[in-house]
Amino acid sequence: PQSSNGFFYDMLEDDRYPESTWHHLGTYGIRYEQGAWDLRMEYIYNPRGYTKEDFQNALLSAIPQNPNAKSNVLRLAQPGLELLGKQYAYISLRIPDIGEERQWQFAIRYFHSIMDSSAITIGSAEWTVSDHNILLTEARHSSGQPDSEFTLQEKNMLFLGFRTLF
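An account of the accompanying structure is given in this report. Every value quoted in this text rests on a predicted model; they were computed, and no experiment measured them. (Residues numbered from 1 in each chain as written. Predicted model: local features only at pLDDT ≥ 70, side-chain atom pairs only at ≥ 80, totals over all residues. Heavy atoms only, no water.)

**Digging into the packing of aromatic side chains**
Each aromatic ring pair is summarised here by two numbers: the centre-to-centre distance and the angle between the ring planes. To keep it simple, the criterion reads: Two rings from Phe, Tyr or Trp (for Trp, the six-membered ring) form a pair when their centres sit within 6.5 Å of each other. Planes less than 30 degrees apart are called stacked, planes more than 60 degrees apart edge-to-face, and all others tilted.
Under the definition given, this model contains eight aromatic pairs. Chaining the aromatic ring pairs together yields one cluster made of Y88, Y90, F111 and F150.

Set out below in structure tokens:
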């Protein structure tokens, strides 16, 4: 994002990253497995991500009053920017095969943006009802300042679902 007139920002193509080049996303961490369950702690580095200042300027480029908001939003949502910041911490605990018939599975995940200290906590559960049917649920909670990376969309979400295998 660059200032276009002192008030509005425009998203410009980054010539440091030509489209024909491959880029990396670094993940470093440890995993502890005990039986079927596992605990993961990871650090994620995204070299194409934004600094805190660039992130705020990118948000300013997408406000409706900006005459170039439509093209700015498209550039903000381009591939490689699914993770908007540069650094993250991730922790997860997954416990499958719970119960006598191993019909339950639970997981809890915590994803923290080091850029702006926003975070998302996700809890999920699955219950294998029969050989071909699974009930599932997932709950999410985002925390952080308004207009931070993980609070841009929903603050809370609950999903209930049913999956059948043929």
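**Topic: the nonpolar core**
Note the threshold: Nonpolar core, defined: a set of buried Ala, Val, Leu, Ile, Met, Phe, Trp, Tyr and Cys residues in which side-chain atoms within 4.5 Å join the residues together. The cut-offs for exposure are 20% and 50% of the maximum accessible area for each residue type, with area from a 1.4 Å probe on protein chains only; residues under the lower value are buried, those over the upper are exposed, and the others partly exposed. Starting at the N terminus, helices and strands are each numbered in turn, a helix being any DSSP run of H or I of at least four residues and a strand any DSSP run of E of at least two. In this description, contact between two residues means that some pair of their heavy atoms is separated by no more than 4.5 Å.
Listed in full, the eight residues of the largest apolar core are I44, L83, Y88, Y90, F111, I120, I122 and F150. Elements that contribute at least two residues to this core include exactly β5 (87-98) and β7 (119-130). Among residues more than four places away in sequence, those in contact with Y88 are E42, Y43, I44, L83, F111, H112, S113, I114, E149 and F150.

**Let's talk about the sheet that holds strand β6 (residues 104-113)**
So the rule is basically this: Any two strands with at least two DSSP bridges between them are considered paired. Simply put, an axis is a line fit to the C-alpha atoms, just over the touching stretch for a helix, and the angle between two N-to-C directions goes from 0 to 180 degrees.
Read across the open sheet, the seven strands follow the order β3-β4-β5-β6-β7-β8-β9; overall the sheet is antiparallel. Of all the strands in the sheet, just β3 (26-34) and β9 (156-164) have a single pairing partner and so form its edges. The mean angle between the axes of side-by-side strands here comes to 10 degrees, regardless of whether they run parallel or antiparallel. For β3 and strand β4 (residues 37-45), the ladder comprises nine bridges, and the chain directions are antiparallel. Note on β4: the bridge partner recorded for R31 is R40.

**A few points about the pattern of salt bridges**
Which entries qualify depends on this criterion: The salt bridge definition used is simple: a Lys or Arg side-chain nitrogen within 4 Å of an Asp or Glu carboxyl oxygen.
One pass over the full model with this rule turns up six salt bridges. The salt bridge involving R40 is made with D38; its shortest N-O contact spans 3.3 Å. Relative accessible area serves as the criterion here: at 24%, R40 is assigned to the partly exposed category. Accessibility expressed as a relative area gives 3% for D38, which makes it buried.

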